[in-house]
Each structure stands twice: as C-alpha cells, then as structure tokens.
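Below are the chains, spelled out letter by letter.
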Amino acid sequence: QVQLVESGGGLVQPGGSLRLSCAVSERTSSDYTIGWFRQTPGKEREFVAGVTWTDGYTNYADSVEGRFTISRDNAKNTVYLQMNSLKPEDTAVYYCAADNARSTIRATSSEYDYWGQGTQVTVSS
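Rules used in this analysis
Residues numbered from 1 in each chain as written. Predicted model: local features only at pLDDT ≥ 70, side-chain atom pairs only at ≥ 80, totals over all residues. Heavy atoms only, no water. Salt bridge = Lys/Arg side-chain N within 4 Å of Asp/Glu carboxyl O. Helix = DSSP H or I, 4+ residues; strand = E, 2+ residues; numbered from the N terminus. Buried < 20%, exposed > 50% of the residue type's maximum accessible area, 1.4 Å probe, protein only. Contact = heavy atoms within 4.5 Å.

Caption draft 1: Just the pattern of salt bridges, in detail. The tally for this structure, following the rule as stated, stands at 5 salt bridges. For Asp90, the salt bridge identified is with Arg38, shortest N-O distance 2.9 Å. A residue pair is termed long-range when its members are at least 10 positions apart, and Asp90 in the loop between strand E8 (78-83) and strand E9 (92-99) and Arg38 in strand E4 (residues 33-39) qualify at 52 residues. Accessibility classification places Asp90 together with Arg38 in one group, the buried group. Residue Arg106 is joined to Asp99 by a salt bridge in which the shortest nitrogen-to-oxygen separation is 2.8 Å. Given the relative accessible area of 0%, Asp99 is considered buried. Taken together, the shared-partner salt bridges in this structure form one network comprising Arg38, Glu46, Arg67 and Asp90.

Caption draft 2: Spatial organisation of the environment of Val123. Here Val123 shows up in strand E11 (residues 119-123). Residue class for Val123 comes out buried when judged on its relative accessible area of 4%. As for Val123 and Leu86, which are separated by 37 residues in sequence, their C-alpha atoms are 6.8 Å apart. Look past the residues within four positions of Val123 in its chain and what remains in contact with it is Val12, Gln13, Pro14, Leu86, Lys87, Pro88, Asp90 and Thr91.

Geometric descriptors of this kind do not, in isolation, establish any biological role.
Here's what the structure looks like:
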C-alpha cells in the first residue's frame, strides 16, 4: 500500500507562487509515476503534471505549461509542484497520485492507483 501526503496549499494573490509537496510512503516509489491533479466543485479531476520516478521524464497540461514545474527528490521520496504566475482559475483542490505504469505519464485519473487527501489552493486578491 502506497501512501501519499500533500502539503503546501494555501491562499495566494494572482501572480504569486506556491510549492506543493507530495511525500510518498515507501521506497517502492521508484516503481511508480507520480501525477498531480486538481479538482473544483462539480468538475472532474484534471491532470496538471506528472513525473516518472526512474528517469524524471515530465509532462504538463497545456494550461500550466511554462508556469508550473514538477520535480522529484529521490532521497526524500517526495515530489514537488512549483506553481508560479498563479491565476484565479488555478484555484482548486490539488491531489497527488501514484500510477504503476512505471515509464508512462497518463493523464486519466482512473489509471492512478493511490491518492493523497488533497490540499486546497486558492488564488484570490
């Protein structure tokens, strides 16, 4: 059983930055791809970014490309999502998830096996 714990959410003004963290419980994190998703009320979870643990390959949604950066720290078993130039439309609950498709980043939430509890990000003046 892989456990994921997100942290780092909060309230930020438009144009500001936040860094989310996703702590992964087991060393078997190396067998997984980690994705970040977000969800607003009444909408499905939306893929934001993903990273393969073995080689660090990344992929981003068009809506965040150039503003968000996903990275992983193997020593700390932690994946980060650096969010810059935040916009009000980035407001959502952000989730990290683990997918056992080791070398593939999939953008469909149903493909992911384990989920964190989510962290709220609010972008507002």
